Amino acid sequence: MPRGCPEEALWLFLLMNRSGFFPNEVTFASVLGSCAAVLELCLSRQIHGRIVKCGFLGNVILESSLVDVYGKCGIMSEARRMFDEVENPNAVSWNVIVRRYLEVGDEEAALCVFFEMIYKGVRSLTFTFSNALVACSRISALGEGTQIHGVAVKINYEEDEVVSSSLIDMYVKCGNLDGARKIFDQPSSKNLISWTSIVSGYAMCGRTKEARELFNEMPERSIVSWNAMLTGYTQFCQWEDALNFIFLMIQHKCDVDHVTLGLILNVCAGLSNVEFGKQVHGYSYRHGFYSNVSVGNALLDMYGKCGCLRCSRIWFYQMSDLRDTISWNSLMTSYASHHLSQQVITIFTDMQRETAPNKYTFATLLAACADIFALKQGKQIHGFIIRNDYAIDDVLLGALVSIYSKCHLLDYALKVFKEADPGDVVLWNSMILGCCRHDKGMEALQLFGLMKQEGVKPDHVTFLAILHACICGGYVELGGKYFDLMSSEYCLMARLEHYECMIELYTRHGVMDELKQFVKTLPFDPTIPMLTRISDACRKYGDSTLGKWAAKKIESISSCNGS
DNA sequence: GTAGGGTTAG
């Protein structure tokens, strides 16, 4: 019974049994098809039994149908057992088992079976190749993908449009753009899908200019192509380009779908343009995207990133039964960004009544606890994570290190830190900052030395932490040395915050000559907070020339802003 | 004559 009315077919089958007619092989095959369509696992097992009883096993169509139905119901162990019993699996049987493994997310098994099939010399279907290539893309298995490419060439499948498109996409997703390009440049493999794959490949690795050139050359475009290009712009925060591209889409009267809307909302968030965001909200409402969770969550994210907590909250309640874990996380993030940390914890309590948290929930939650030094809740959440068997990845370890070091439990922090990946610079930063908070400047600097020994490359946050360590420990000379080291040895450009630290270092410890020298070398105009700090220090340590200069600067900037 | 699987792009 192919894609008709599976429920009715099953109903007829039961009726047939009651009337005393005996089903034959054809009946069973068609009934199994209906079972697969409606995921009727129980009835499938009964029919499996009857097939055995009737002596129909050995019929490859029935056997493949059983593999199919077990797989569709997600019981891969049974699907596999059935498959292994098939004496002479044909191309369809192999296709079914590969496809089902792919659907349950077991890409390794899918590839394993695929190669077994190739090894046995089965002339497979082109579909099976595509499925295997998707498996490679998902787990970035470039080696296996290349092998499949070799096989495809050998049996002349490379000419097949679907296989070549799948190959291109596999190379793109495995990060081998050149490999993808080589196939794409053959005229026979150019079609809408491969064009889109290749544009997406360039866009997703930040080569948006090349992506756009290719995009402009496309003979035809679908909404997926437009979205691929827009994804590149948004992923790399090229908001102006993204915005112009959206206007172009409007000019072209493109069909907008839920992916486009989500991307446009990301752009609104990136530009902090809540007015445009609200227009998109209205558009979604008018065009039937109101019950789409991903659009709903993108709206929440947009309101949150634009800082409009009221809008976030209202929309969150309006979403009501549409809400999922991502929606809750998004709401928590909005509150966290306003430092309403106690309320973040409250939201988590409410969330548990409705849906399960994930690792992002915990990262936000722990950061909120750290923000208000809620050590007790932080520990409870740590316990919750362990009790409920959530995998503690580096992000969570980082959050734990940061809360424990913030809440003066340096021992705990160190314990967690030791479990983590020693190559993760973020964790080192948390630990170093933790030491600073405990006025353990020397320990912080020692950690920095250890980090160097481990071969971990410091980033700008590390240097911020190091400079803080120098400020609180009073290591003025060292601070200057580290500041220079940042660019000379690590090729990191000092940011405003680093300059602020240096000014804090010199002013707090009254090292006026160095301060004067440093101010002279500033590559930009000092900010008002910097000037205020300098002026205060001059008053305290007596340096009328620099003090007057700072006061004058403040005055001129203020009058500029005032007019 | 009636039965099974179903591919690639955001």
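Treat the numbers as computed from the prediction; the structure is a model and nothing was measured. (Residues numbered from 1 in each chain as written. Chains lettered and ligands numbered in written order. Predicted model: local features only at pLDDT ≥ 70, side-chain atom pairs only at ≥ 80, totals over all residues. Heavy atoms only, no water.)

Asker: Provide a residue-level description of the overall build of chain A, including the pertinent values.
Answerer: Of regular secondary structure, chain A possesses 33 helices and 0 strands. Taken over C-alpha atoms, the radius of gyration comes to 31 Å for chain A, far larger than the 24 Å a tight globule of 563 residues would show. A principal-axis box enclosing the C-alpha atoms of chain A has dimensions of 105 × 55 × 50 Å. For chain A, with 563 residues in total, the buried portion stands at 47%. Considering only contacts in chain A between residues 6 or more positions apart, those separated by 24 or more positions represent 60%. (Helix = DSSP H or I, 4+ residues; strand = E, 2+ residues; numbered from the N terminus. Rg over C-alpha atoms; globule rule 2.2 N^0.38 Å. Buried < 20%, exposed > 50% of the residue type's maximum accessible area, 1.4 Å probe, protein only. Contact = heavy atoms within 4.5 Å.)

Asker: Can you tell me about the side chain of T507, naming the residues and giving the values?
Answerer: Tracing the sequence through the fold places T507 in helix α30 (residues 496–508). The exposure class of T507 is buried, given its relative accessible area of 2%.

Asker: Can you tell me about the protein's contact with DNA strand B, naming the residues and giving the values?
Answerer: Around DNA strand B sit 40 residues in total, of which L125, F127, V162, N227 and D257 are the nearest. Restricting the count to atoms of DNA strand B within 4 Å of the protein gives a sugar and phosphate share of 46%. Separating a phosphate oxygen of DNA strand B from a side-chain N or O atom of K173 is a distance of 3.2 Å. Interatomic distance of 2.4 Å between a side-chain N/O atom of D257 and a base nitrogen of DNA strand B. When contributions to the surface near DNA strand B are tallied by element, the ones reaching two or more residues are α2 (25–38), α4 (60–72), α6 (91–103), α8 (126–139), α10 (161–173), α12 (192–204) and α14 (223–235). Among the residues forming the surface near DNA strand B, the class breakdown is 16 nonpolar, 16 polar and 8 charged. (Near = heavy atom within 4 Å. Polar contact = N/O pair within 3.5 Å; in protein donor to acceptor, adjacent residues only side chain to side chain. Nonpolar A, V, L, I, M, F, W, Y, C, P; charged D, E, K, R; others polar.)

Asker: So what about the packing of helix α1 (residues 6–18) against α2? Which residues, and what values?
Answerer: Packing of α1 against α2 brings their axes to within 9 Å, and their N-to-C directions diverge by 135 degrees. Looking at the two axes, α1 sits oblique to α2. Both α1 and α2 take part in a crossing whose hand is left-handed. In contact with P6, E7, A9, L10, F13 and M16 of α1, α2 contributes T27, F28, V31, S34, C35, A37 and V38. (Axes fitted to C-alpha atoms, helices over the stretch in contact; angles between N-to-C directions. Parallel < 35°, antiparallel > 145°, perpendicular 65-115°, else oblique. Left-handed = near helix turned anticlockwise from the far one by under 90°.)

Asker: Tell me what's going on with the pattern of salt bridges, and back it up with residues and numbers.
Answerer: Enumeration according to the criterion identifies 21 salt bridges in this entry. The partner of K72 in a salt bridge is D68, and the shortest N-O contact between them spans 3.2 Å. Of this pair, K72 and D68 both sit in helix α4, 4 residues apart, roughly one helical turn. The exposure class of D68 is buried, given its relative accessible area of 14%. Notably, a salt bridge pairs E103 with R99, separated by 3.1 Å at the nearest N-O pair. Of this pair, E103 and R99 are both found in helix α6, 4 residues apart, which corresponds to roughly one turn of the helix. Among the charged side chains, a salt-bridge network with shared partners connects D68, K72, R99, R100 and E103. (Salt bridge = Lys/Arg side-chain N within 4 Å of Asp/Glu carboxyl O.)

Asker: Explain the packing of helix α25 (residues 410–419) against helix α26 (residues 425–437) to me, using residue names and the numbers behind them.
Answerer: Relative to each other, α25 and α26 sit at 165 degrees, their axes nearing to 11 Å. By the angle between their directions, the pair α25 and α26 is classed as roughly antiparallel. Viewed along their axes, α25 and α26 form a crossing whose handedness is left-handed. In contact with L410, A413, L414 and F417 of α25, α26 contributes L427, W428, M431, G434 and C435.

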